[in-house]
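Coordinate inspection notes
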Amino acid sequence: MDAGNASKEIADLNLTYMLLAQKLLRQDRAAAMLRLGISGEMAEMLTGMSLAELVKLATSNFVLCAFRLDELPGVRSMIQPGRESALQQAHLSILLAGAHQAANAAR
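This write-up is about the structure you can find in this document.

Definitions and cut-offs
- Residues numbered from 1 in each chain as written.
- Predicted model: local features only at pLDDT ≥ 70, side-chain atom pairs only at ≥ 80, totals over all residues.
- Heavy atoms only, no water.
- Helix = DSSP H or I, 4+ residues; strand = E, 2+ residues; numbered from the N terminus.
- Buried < 20%, exposed > 50% of the residue type's maximum accessible area, 1.4 Å probe, protein only.
- Contact = heavy atoms within 4.5 Å.
- Areas by Shrake-Rupley, 256 points an atom, 1.4 Å probe, with all protein chains shown as cover.
- Salt bridge = Lys/Arg side-chain N within 4 Å of Asp/Glu carboxyl O.
- Patch = residues over 30% accessible without salt bridge, like charges linked within 9 Å, V, L, I, M, F, W, Y side chains within 5 Å.
- Axes fitted to C-alpha atoms, helices over the stretch in contact; angles between N-to-C directions.
- Left-handed = near helix turned anticlockwise from the far one by under 90°.
- Core = buried A, V, L, I, M, F, W, Y, C linked by side-chain atoms within 4.5 Å.

With that out of the way, let us pick up the overall build of the protein chain. Each helix and strand in the protein chain was counted, giving 6 helices and 0 strands. Order of helices (α) and strands (β) in the protein chain, N terminus to C terminus: α-α-α-α-α-α. Residues counted as buried form 23% of the 107 residues belonging to the protein chain. Taking all contacts inside the protein chain whose residues are at least 6 apart in sequence as the whole, residues at least 24 apart take part in 57%. Total accessible area on the protein chain stands at roughly 7500 Å², and carbon and sulfur atoms take up 61% of it.

Rendered as structure tokens:
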């Protein structure tokens, strides 16, 4: 993959992520903040951005979303075969909610 192609794919990913984030925040702000792992200040900024601002930010050549699974010590146990899907989903929700609360408390 050449650098130009990678930059375009990163921009596409960023724009898709930010548009989804805006949609989720407008539907249910509290749930979206938890799902996205963002603060109230970031939620406010994202919902207030215009499409032109989103596009400009998306082309920054840096991936703007981040995997949060590396913050979770129990991920391996959650994805092992044989565990009930609903239980895995509930466990992941609890871990992410706890990580989100801890991050907000540290700010």
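Back to the text.
The next point concerns unusual backbone geometry. In the Ramachandran plot, Asn-61 falls in the positive-phi region, its phi being about 75 degrees despite a non-glycine side chain. Mapped onto the fold, Asn-61 is located in the loop between α4 (51–58) and α5 (75–78).

Side chains bearing opposite charge may pair, as long as their charged atoms lie close to each other. The final tally for this structure, using the stated rule, is 2 salt bridges. Of the charged contacts, one joins Asp-12 and Lys-8 as a salt bridge, the two residues approaching to 2.9 Å between their closest N and O atoms. With Asp-12 and Lys-8 both in helix α1 (residues 3–27), this residue pair falls 4 residues apart, about one helical turn. Taking the shortest distance from any N to any O, the salt bridge between Glu-44 and Arg-29 comes out at 3.3 Å. With Glu-44 in helix α3 (residues 40–48) and Arg-29 in helix α2 (residues 29–36), this pair connects stretches of sequence that are 15 residues apart.

Before going further, it helps to spend a moment on a nonpolar patch on the surface. Together, Leu-19, Leu-51 and Val-55 line one region of the surface with nonpolar side chains, adding up to about 240 Å² of accessible area. The topology assignment puts Val-55 in helix α4.

Before going further, it helps to examine the packing of α1 against α2. At a closest axis distance of 6 Å, the pairing of α1 and α2 adopts a crossing angle of 145 degrees. When you trace α1 past α2, the crossing you get is right-handed. On α2, the residues touching Tyr-17, Ala-21, Leu-24, Leu-25 and Gln-27 of α1 are Arg-29, Ala-32, Met-33, Arg-35 and Leu-36.

In this structure, Leu-25, Leu-36, Ile-38 and Leu-46 are the most contacted members of the largest nonpolar core, which totals 13 residues. Looking at this core, the elements that each hand over two or more residues are α1, α2, α3 and α4. The element that contributes the greatest number of residues to this core is α1, accounting for 4 residues.

Moving on, we come to the side chain of Asn-14. Examined against the element boundaries, Asn-14 turns out to sit in helix α1. Setting aside residues no more than four positions away along its own chain, Asn-14 makes contact with Ala-58, Ser-60, Phe-62, Val-63, Leu-64 and Cys-65.

To continue, consider the environment of Ile-38. Considering the arrangement of structural elements, one finds Ile-38 in the loop between α2 and α3. Spatially, the C-alpha atom of Ile-38 lies 9.9 Å from that of Ala-21, the residues being 17 residues apart in sequence.

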